[in-house]
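In case you want the letters, here they are:
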Amino acid sequence: EPARHDEPAWSPEWRDHTDSQVEDRLALPGVRHLTVDPPAPAASLLDAARTLSTIDPAVLSPDQRLGVLDALESVDRIVTGTLMRHLIAINDRAELDARFGMTTGAYAEQRHAKNRTVWLTAIRRGRSLATRLPLVFDALCAGNLSRDRAELIANTLNDRNADILAAAQQELLDLSDAEPRY
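Reference entry: report on the structure contained in this document. Every value quoted in this text rests on a predicted model; they were computed, and no experiment measured them.

Attention now goes to the side chain of Arg77. Within the fold, Arg77 resides in helix H4 (residues 62-92). A polar atom in the side chain of Arg77 sits 2.9 Å from the side chain of Glu73. For Arg77, the residues in contact, after removing those within four places along its chain, are Leu140, Gly143, Asn144, Leu145, Ser146 and Arg147.

Below you can see the structure in the form of structure tokens.
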């Protein structure tokens, strides 16, 4: 049956998808079902997060719920910095290109169904902080600086102000610690 001018020229099999299972029409899984073994600390972190996700907040005391919030915020900070550090290392070594023939962004999409720009932005921000403002990057990785503050500083950093901000890293951290609001 010829395609009408007001619709795409898709095959009849694609348009009438009731004849086949969706899995039969999708591309090969690529890296989606790849099995990799993380180092023991990463596996433990994942196990702890899964266990925590099964706890009903209603069974916790108010102090325990607040403790969970504080712990999750600290973990988010540490994981953000650690993710940046590992993404930079993988990207700099072109490991994904060499192994799978794809960019870091394409891997993020295919493996984790993430918007490719999320990891690319993390690489850009992380590299900028790690190379130009190492004290700020270390504070993020240690959990002493929020992701929001780190992103604000990274987005402010450029060639014109890098030297000034580098000289004022400790003052930026002190100000961030002293001022809870933006």
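Buried residues of helix H9 (residues 147-156): Arg149, Ala150, Ile153 and Ala154, and no others. Within H9, the buried residues cover an arc of 130° as seen down the axis, which keeps them to one side. Buried residues in H9 make contact with helix H7 (116-132), helix H8 (134-141) and helix H11 (169-178).

Our focus in this paragraph is the nonpolar core. Core analysis: the largest hydrophobic core is formed by 27 residues, its most contacted members being Tyr107, Leu129, Leu133, Val136 and Leu145. Of all the elements in the fold, those that place two or more residues in this core are H4, helix H6 (104-112), H7, H8, H9 and helix H10 (162-167). Sorting elements by how many residues they give to this core places H8 first, with five residues. Not counting chain neighbours up to four residues away, the residues in contact with Leu129 comprise Pro134, Val136, Phe137, Ala150, Ile153 and Ala154.

A few words on the side chain of Arg111. One can find Arg111 in helix H6. Put simply, Arg111 is tucked away with no salt bridge, and the nearest opposite charge, on Asp37, sits 9.3 Å away. A polar atom in the side chain of Arg111 sits 2.9 Å from the backbone oxygen of Val31. Polar contacts involving the side chain of Arg111 include one to the main-chain carbonyl oxygen of Leu34, which spans 2.7 Å. Beyond its immediate chain neighbours, meaning those up to four positions away, Arg111 contacts Val31, Arg32, His33, Leu34 and Val36.

Before going further, it helps to examine the packing of aromatic side chains. For the coordinates displayed, the defined rule picks out two aromatic pairs. Ring geometry for Phe100 and Tyr107: centres 5.9 Å apart, planes at 20°, overall stacked. When its relative accessible area of 26% is taken as the criterion, Phe100 is described as partly exposed. Between Tyr107 and Trp119, the ring centres sit 6.3 Å apart and the planes meet at 25°, which makes this aromatic pair stacked. Of the two residues, Tyr107 sits in helix H6 while Trp119 sits in helix H7, which places them 12 residues apart along the sequence. In this structure, Tyr107 and Trp119 share a single accessibility class: buried. Cluster of aromatic residues (ring-pair linked, three or more members): Phe100, Tyr107 and Trp119.

With that settled, consider the pattern of salt bridges. Oppositely charged side chains can form a pair if their charged atoms are brought close together. Scanning the entire structure with this criterion turns up seven salt bridges. Measuring nitrogen to oxygen at the nearest pair gives 2.9 Å for the salt bridge that ties Arg77 to Glu73. You can see Arg77 and its partner Glu73 sitting in helix H4, four residues apart, about one turn around the helix. You can call Glu73 partly exposed: its relative accessible area is 33%. Between Glu109 and Arg116 there is a salt bridge, with the nearest N and O atoms lying 2.8 Å from each other. The class for Arg116 is partly exposed, based on a relative accessible area of 32%.

Thresholds, definitions, all that
- Numbering of residues begins from 1 in every chain and follows the order in which that chain's sequence is written.
- Under the rules for a predicted model, residues below a pLDDT of 70 receive no local features and side-chain atom pairs below 80 are neither given nor counted, while totals for whole chains, interfaces and linings still include all residues.
- Only hydrogens and water are set aside when side-chain values are computed; all heavy atoms of the structure are taken into account.
- Secondary structure is summarised from DSSP: a helix means a run of H or I of at least four residues, a strand means a run of E of at least two, and numbering begins at the N terminus for each.
- Residues adjacent in sequence count toward polar contacts only when both atoms are side-chain atoms; beyond that, a polar contact is any pair of N or O atoms within 3.5 Å, and within protein one must be able to donate a hydrogen and the other to accept it.
- For this analysis, residues touch if any pair of their heavy atoms sits within 4.5 Å.
- Relative accessibility thresholds used throughout: buried, under 20% of the residue-type maximum; exposed, over 50%; partly exposed, between the two (1.4 Å probe, protein chains only).
- It is the directions from the helix axis to the C-beta atoms that the arc portrays.
- We define a nonpolar core as any set of buried Ala, Val, Leu, Ile, Met, Phe, Trp, Tyr and Cys residues linked to one another through side-chain atoms lying within 4.5 Å.
- Working convention for charge: Lys and Arg count positive, Asp and Glu count negative, and His plus the chain ends are omitted.
- We define a salt bridge as a contact between a side-chain nitrogen of Lys or Arg and a carboxyl oxygen of Asp or Glu at a distance within 4 Å.
- Aromatic rings from Phe, Tyr and Trp, taking only the six-membered ring of Trp, are treated as a pair when their centres fall within 6.5 Å; an angle between ring planes under 30 degrees marks them as stacked, one over 60 as edge-to-face, and anything in between as tilted.

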